[in-house]
Amino acid sequence: MAVKRVVGLPGERVEIRDGDVYINGQLARKSLAEQRATAVLVHDASYWPRHDPAKDGPWQSEEHSRWARSQGVFRHPGLPGDDSFDWLFYHPHQEDGLRLGAPGRKPEQAPTATPSNLGRRVCGEITDRLAYNQSLPQRGIVPHPVGDIRLTCRVRTSGEGRFEIRVCDGGEEFRFGWEAASGRRRFAASQGETPLELLGPVEAPGASDDTFLEVSTIDQRFQVALDGRLWALQPFDRNGPPGAPVPLAIGTRGVAVEVRDLRVWRDVYYTHPIGMIARWGVDEPVVLGSEEFFVLGDNSLVSEDSRVWRAGPGVSASQIVGRPLVVHLPARCLRLGGVDFQVPAITRIRYIR
């Protein structure tokens, strides 16, 4: 018995392209709930190197910035009357084989136009590498840059001014934020310089409310949610290589900001499995039979699924026995008598809703 994700239904034409699933020639875009279910954690600002807590992490600011970090919480005091933004930039960690700048290179002052060229040093990029695969021979594994990213955090603003999130993918820049004044927030979103229509209200009370913010460019669609409610939804066509040197930025102009539970995620990236022949849906589309389903595993690099089966890609309806109820992995290591065991991590077990 195996657990797989159903991505193709009977009679559909399925293709895997650039890490995404296409159904009948159209990109299969995920809902907010589906994004949450498939997201892979890239960075959690709550965890910092214990041996060197002062070490720079991926979130960086300019030399004279007033952004400060303490125990995973980022704060900015805000100064009323500021006429320019003070930015906190996300620089993905450099990875072996993907190093874009020399180690020890002196940071350079960057221009201040867009998040795609803002920052003070050249860094790596978000890729589809998974920590679970560290034990695999790395020869032959080619990491793919991933532009399908997601940011989640809790934000509290106070005072008057503007708070803004910027995200870039493939040459496209999106912005979302609010103007805070007189105890109210006025929201706005844009793609480049073009304003976007909001799904949520343009103005709402509570300028200092604690807000859970979700922003993503997964499946070439800019999506914003506040406290679980969609506020912006804009499809786009990636017109360049996926990702950006600085894919995310958090900025303030005048308003005081506190950012907690700051995490960066990426979408699951489907690719050629290593050491196996990809027979179906990867190099060209495959059409499913009238009672066939196309299924994929989460760890795409090593998963045996509809891409590789000799008999064909389809799983018949009679072979599907149900849906999982509980997530019990990852486990934790326990050492007894000099022997390591993997046991369930009780605090990580959760029901699938």
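Given the structure is predicted, the values throughout are model-derived calculations rather than measurements. (Residues numbered from 1 in each chain as written. Predicted model: local features only at pLDDT ≥ 70, side-chain atom pairs only at ≥ 80, totals over all residues. Heavy atoms only, no water.)

K.L.:
I would appreciate a short explanation of the overall build of the protein chain in the present structure.
P.N.:
What the protein chain contains, in helices and strands, is one helix and 27 strands. The 353 residues of the protein chain split such that 45% are buried. The long-range share in the protein chain, meaning contacts at least 24 apart out of those at least 6 apart in sequence, stands at 67%. When the accessible area of the protein chain is evaluated, it comes to approximately 19,200 Å², of which 52% is carbon and sulfur surface. (Helix = DSSP H or I, 4+ residues; strand = E, 2+ residues; numbered from the N terminus. Buried < 20%, exposed > 50% of the residue type's maximum accessible area, 1.4 Å probe, protein only. Contact = heavy atoms within 4.5 Å. Areas by Shrake-Rupley, 256 points an atom, 1.4 Å probe, with all protein chains shown as cover.)

K.L.:
What am I meant to see in the nonpolar core here?
P.N.:
As a rule of thumb, soluble globular proteins bury nonpolar side chains together. W59, F74, F163, F176, L213, F222 and L262 are the most contacted members of the largest nonpolar core, which has 42 residues in total. Membership of the second largest hydrophobic core comes to 13 residues, among which are V14, I16, I23 and F294. (Core = buried A, V, L, I, M, F, W, Y, C linked by side-chain atoms within 4.5 Å.)

K.L.:
Is there a simple way to explain the sheet that holds strand β3 (residues 20-23) in this structure?
P.N.:
Whether parallel or antiparallel, the strands of a sheet pair through hydrogen bonds between backbone atoms. The four strands are arranged β4-β3-β2-β21 in an open sheet whose pairing can be described as antiparallel. Every other strand in the sheet has two partners, leaving β4 (26-27) and β21 (286-287) as the edge strands with one partner each. Sheet topology places strand β2 (residues 13-17) next to β3; four bridges connect them, and they run antiparallel. Looking at the pairing, E15 lines up with Y22 of β3. (Pairing = 2+ DSSP bridges.)

K.L.:
Please clarify how a nonpolar patch on the surface should be interpreted in this entry.
P.N.:
On the surface, a nonpolar cluster with roughly 560 Å² of combined accessible area is contributed by L325, V326, I346, I349 and Y351. In this fold, L325 is placed in the loop between β23 (315-316) and β24 (326-327). For L325, a relative accessible area of 61% translates into the label exposed. (Patch = residues over 30% accessible without salt bridge, like charges linked within 9 Å, V, L, I, M, F, W, Y side chains within 5 Å. Salt bridge = Lys/Arg side-chain N within 4 Å of Asp/Glu carboxyl O.)

K.L.:
Explanation requested: the packing of aromatic side chains in the structure shown.
P.N.:
Think of a pair of aromatic rings as described by two things: how far the centres are apart, and how the planes are tilted against each other in angle. Applying the stated criterion to the full structure yields eight aromatic pairs. On the basis of an interplanar angle of 55 degrees and a centroid distance of 5.1 Å, the ring pair of W59 and Y90 is categorised as tilted. Remark: Y90 occurs in strand β9 (residues 86-90) and W59 occurs in strand β6 (residues 59-61); sequence separation between them is 31 residues. Here W59 matches Y90 in class, with each residue buried. Over the face of the ring belonging to Y22 we find R17, whose NZ or CZ atom lies 3.8 Å from the ring centre. Its guanidinium or amino end placed over the ring of W265, R150 lies 5.8 Å from that ring's centre, counting from NZ or CZ. (Phe/Tyr/Trp six-rings, centres within 6.5 Å; stacked < 30°, edge-to-face > 60°. Lys NZ or Arg CZ within 6 Å of the ring centre and 35° of its normal.)

K.L.:
Can you help me understand the sheet that holds β23 in this one?
P.N.:
Spatially, β1-β22-β23 is the arrangement adopted by the three strands of the open sheet, whose pairing is antiparallel. With partners counted over all chains shown, the strands left at the sheet margins are β1 (5-8) and β23, one partner each.

K.L.:
Sorry if this is basic, but what is going on with the pattern of salt bridges here?
P.N.:
Where charged atoms of side chains with opposite charge meet at close range, the side chains can pair. One pass over the structure, following the stated rule, counts 25 salt bridges. Across the salt bridge formed by K30 and D267, the nearest N and O atoms sit 2.8 Å from each other. One end of the pair, K30, is in the loop between β4 and α1 (32-38); the other, D267, is in the loop between β20 (256-266) and β21, and 237 residues separate them in sequence. Overall, K30 belongs to the buried group, its relative accessible area being 14%. Among the charged side chains, a network of salt bridges with common partners joins R75, R154, D210, E258, R260 and D261.

K.L.:
What exactly am I supposed to notice about the pairing of strand β11 (residues 161-169) here?
P.N.:
Sheet faces and side chains relate simply in a regular strand, where the side chains alternate between the two faces. For β11, a buried count of nine out of nine residues is recorded, marking the element as mostly surrounded by other parts of the structure. Going residue by residue along β11, you find G161, F163, I165, V167 and D169 tucked away on one face and R162, E164, R166 and C168 tucked away on the opposite face as well. As defined by bridge partners, β11 adjoins strand β12 (residues 172-181) across nine bridges and the pair is classed as antiparallel. Opposite V167, over in β12, you have F174 as the bridge partner. Here β11 hands over to β12 after two residues, with G170 in that stretch at a positive phi of 55 degrees. As judged from the six bridges shared by β11 and strand β19 (residues 248-253), these two strands associate in the antiparallel manner.

K.L.:
How do you make sense of unusual backbone geometry when you look at a structure like this?
P.N.:
The general pattern is negative phi for most residues beyond glycine and trans for most peptide bonds. Positive phi, close to 60 degrees, is recorded for D219, a residue that is not glycine. Among the structural elements, D219 can be located in the loop between β16 (210-216) and β17 (221-226).

K.L.:
Mind showing me how you'd approach the side chain of Q223 here?
P.N.:
For Q223, the location among the structural elements is in strand β17. In this structure, Q223 is in contact with K30, S31, L32, Q35, E214, V215, S216, L230, A232 and L233, ignoring residues within four places of it in sequence.

K.L.:
What is the right way to read the environment of I16 from this model?
P.N.:
Inspection of the secondary structure puts I16 in strand β2. Considering only alpha carbons, one finds I16 and Y269, 253 residues apart in sequence, at a separation of 9.6 Å.

K.L.:
For this particular structure, what's the right way to read empty space enclosed by the protein?
P.N.:
The probe, sized like a water molecule, is rolled over the atoms to show the empty space still left. With the rule as written, the count across this model stands at one cavity of 30 Å³ or more. Its volume calculated, the largest cavity comes out at about 60 Å³. (1 Å grid on protein atoms, 1.4 Å probe; cavity = no way out; pocket = protein on both sides within 12 Å on 5 of 7 lines; lining within 4 Å. Points joined across faces, edges and corners; volume = space filled by probe spheres on them.)

K.L.:
What exactly am I supposed to notice about the environment of L151 here?
P.N.:
With respect to the element layout, L151 can be found in strand β10 (residues 149-158). Separated by 108 residues in sequence, L151 and H43 place their C-alpha atoms 9.6 Å apart.

Take it as geometry only, folks, not as evidence of what the structure does.
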